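What the coordinates show
The residues making up each chain are set out below.
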Amino acid sequence: MHKGKLGLGTALVAGMAVTGALVLAPAASAVSPDSATLSFDCGSFGSGSATLAATQDGTSATITVSTAAITSPINVGANSVNSTLVMSNASGGTTSFTGSSNPAITAGQPISTGPLTGTVASGDSLSGQSMTVVVFGITATCTATSAQSPGPFQF
């Protein structure tokens with residue numbers, strides 16, 4: 001009988017310890033919103049809307065860009081587009097997201113690039129400012145022509 005009480009007490013203490021650990025565990029970082037749109041002017045390469053999809057893991061963030069502002073004149077192989085997305089921070093300064101990941105793109109299709117990686121701090125409020133896309137040594141520089149909607153990414 002004593003053995004049963006000891007087993008129940010031990011299980012209760014262990015259960016409380018697990019519950020306490022869950023309560024004390026840090027919450028996962030999350031960016032909000034997780035996607036947004038804005039417009040880019042890419043000069044002679046075109047202009048149009050772009051969708052940005054963001055994720056966050058601690059101080060590391062990734063953004064994937066899909067835009068109709070630039071279409072590929074030829075087939076482009078996977079992982080051959082070098083991109084830099086510059087985001088303005090509401091508190092001042094900029095944060096750059098870079099990468100050379102992209103799916104294969106067929107001629108005439110919109111450019112999609114990412115994930116582009118960058119470092120963020122808690123409280124950063126970032127909006128798309130400009131983007132540079134390099135394909136086969138040809139550089140397209142794009143400037144945001146609209147505000148990001150529904151608003152800046154909050155990290």
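Attention in this report is confined to the structure presented alongside it. (Residues numbered from 1 in each chain as written. Predicted model: local features only at pLDDT ≥ 70, side-chain atom pairs only at ≥ 80, totals over all residues. Heavy atoms only, no water.)

**A few points about the state of the cysteines**
Within the structure shown, the criterion is met by one disulfide. Disulfide partner of Cys-42: Cys-142, at an S-S distance of 2.0 Å. Linking Cys-42 and Cys-142, the disulfide has an S-S dihedral of approximately 110° and is accordingly described as right-handed. One end of the pair, Cys-42, is in the loop between strand 1 (35–41) and strand 2 (47–57); the other, Cys-142, is in strand 8 (residues 138–144), and 100 residues separate them in sequence. (Disulfide = S-S within 2.5 Å. Helix = DSSP H or I, 4+ residues; strand = E, 2+ residues; numbered from the N terminus.)

**Looking at unusual backbone geometry**
For residues that are not glycine, phi is negative in most cases, and the peptide bond is trans in most cases. Each neighbour pair has its own omega, and for Ser-32 with Pro-33 the value is -10°, a cis peptide bond. Mapping Pro-33 onto the fold places it in the loop between helix 1 (2–24) and strand 1. That bond from Gly-114 to Pro-115 is cis: its omega, 15°, falls within 30 degrees of zero. Of note in this structure, Asn-79 is not a glycine but carries a positive phi near 60°. Tracing the sequence through the fold places Asn-79 in the loop between strand 3 (60–71) and strand 4 (81–89). Here Phe-136, not a glycine, exhibits a phi torsion of approximately 50°, which is positive. For Phe-136, a relative accessible area of 53% puts it in the exposed group. (Buried < 20%, exposed > 50% of the residue type's maximum accessible area, 1.4 Å probe, protein only.)

**As for the environment of Ala-144**
Along the chain, Ala-144 turns up in strand 8. The contacts of Ala-144, once residues within four sequence positions are left out, are Leu-38, Ser-39, Phe-40, Gly-128 and Gln-129. (Contact = heavy atoms within 4.5 Å.)

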